[in-house]
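# Fold and contact review
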Amino acid sequence: MPAATAASPWYKHLWPWIIIGILATSVCLSLTMVSIAVRNPDNLVNDNYYEAGKGINRSLDRELLAQTLNLKASVHLDELTGEVEVRLTGNSDPQALELNLISPTQPAKDRKVQLARTEPGRYVGQLDDKVDGRRFVELLGSQDEHVWRLFEEEKVEHGVTLQLGDEAIQGAEHQ
């Protein structure tokens, strides 16, 4: 492109094309962001706040029951076989447990495992696929028709045994 003079048409100047390029790039990026937002909606918003609040109180009651029973658990996930082994100590020995591995941001990655007692204090279940990364780990059991719960945020990694019940209950400081 030869050097433009003041008398030449606008499209022969460099600066209008730079400005048009910046504007075109911003429009393309904006449309890309809109299409990403439309294809991947945020599903973490709860519309029923009252029910969620009641659920928190029920959850705290279950966690306080686990604390009263002095429950602690170690959870081991075998990456090769998918076997889940839970060792439970404390004043409860139910026939079965339920282990929930909850992804904080992606509900499709949530996993639920039913654990059967093989001997007192030892429970075994099976995972269908590999689980790793940050998870909310929830262990549910029952004692005298009351459900207890151990719940903690853990980083699930290969070869790491997770310890539940070793942290203070969040939200129960006033009780």
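Please read all numbers here as calculations on a predicted model, not as lab measurements.

Reading the values: the criteria
Residues numbered from 1 in each chain as written. Predicted model: local features only at pLDDT ≥ 70, side-chain atom pairs only at ≥ 80, totals over all residues. Heavy atoms only, no water. Helix = DSSP H or I, 4+ residues; strand = E, 2+ residues; numbered from the N terminus. Buried < 20%, exposed > 50% of the residue type's maximum accessible area, 1.4 Å probe, protein only. Contact = heavy atoms within 4.5 Å. Areas by Shrake-Rupley, 256 points an atom, 1.4 Å probe, with all protein chains shown as cover. UniProt positions renumbered as here; feature names shortened; annotations may be inferred. Pairing = 2+ DSSP bridges. Salt bridge = Lys/Arg side-chain N within 4 Å of Asp/Glu carboxyl O. Axes fitted to C-alpha atoms, helices over the stretch in contact; angles between N-to-C directions.

## Looking at the overall build of the protein chain
- The number of helices and strands found in the protein chain is 2 helices and 8 strands.
- In sequence order, the secondary structure elements of the protein chain are arranged as α-α-β-β-β-β-β-β-β-β.
- Within the span of the protein chain, comprising 175 residues, buried residues form 29% of the whole.
- When contacts within the protein chain are restricted to residue pairs at least 6 apart in sequence, long-range pairs at least 24 apart make up 51% of them.
- With an accessible surface of roughly 11900 Å², the protein chain has 57% of that area assigned to carbon and sulfur atoms.

## Side note on the environment of G82
- Within the secondary structure, G82 is located in the loop between β1 (72–77) and β2 (83–89).
- The class of G82 is buried, set by a relative accessible area of 9%.
- Linking G82 and G125, residues 43 residues apart in sequence, is a C-alpha distance of 8.5 Å.
- Not counting residues within four places of it along the chain, the set of residues in contact with G82 comprises G125, Q126 and L127.

## Considering the UniProt feature "transmembrane region" (unreviewed entry) in the protein chain
- The residues that UniProt annotates with the feature "transmembrane region" (unreviewed entry) are residues 14–38.
- Note that residues 14–38 is 100% helix and 0% strand, and that its end C-alpha atoms are spaced 37 Å apart.

## Regarding the pairing of strand β8 (residues 161–164)
- Every second residue of β8 is oriented toward a common face, the buried set being L162 and L164 and the non-buried set T161 and Q163.
- Here β1 pairs with β8 via 4 bridges, running antiparallel. Paired with A73 across the two strands is L164, which belongs to β8.

## A word on the pattern of salt bridges
- Throughout the structure, instances matching the rule amount to 11 salt bridges.
- Here E153 and R134 are joined by a salt bridge, their closest N and O atoms 2.9 Å apart. In this pair, E153 sits in strand β7 (residues 146–156) while R134 sits in strand β6 (residues 133–143), placing the two residues 19 residues apart along the sequence.
- Because the salt bridges share partners, they merge into one network encompassing E85, R87, E119 and R122.

## Points about the sheet that holds β2
- Spatially, 8 strands are ordered β7-β6-β3-β4-β5-β2-β1-β8 in an open sheet, and the strand pairing comes out antiparallel. A single partner strand is all that each edge strand has here, and the edge strands are β7 and β8. The mean inter-strand angle of the sheet, taken between neighbouring strand axes irrespective of direction, is 25°.
- In this sheet, strand β4 (residues 111–119) lies alongside strand β3 (residues 96–102) in antiparallel orientation, the contact comprising 6 bridges. When the bridges of β4 are listed, L97 appears paired with L115.

## Comments concerning unusual backbone geometry
- The phi angle at N70 is positive, at roughly 55°, despite the residue not being glycine.
- Its location among the elements puts N70 in the loop between α2 (49–68) and β1.
- Judged by its relative accessible area of 51%, N70 is exposed.
- Notably, D144 is not glycine yet its phi reads approximately 55°, a positive angle.
- Its place among the elements puts D144 in the loop between β6 and β7.

## What about the pairing of β4?
- Alignment of β4 against strand β5 (residues 122–126), held across 3 bridges, turns out to be antiparallel. Residue R117 lies in a different strand from β5, and its bridge partner there is Y123.
- Hairpin remark: β4 followed by β5, antiparallel, with 2 residues in the connecting loop; positive phi at G121, about 85°.

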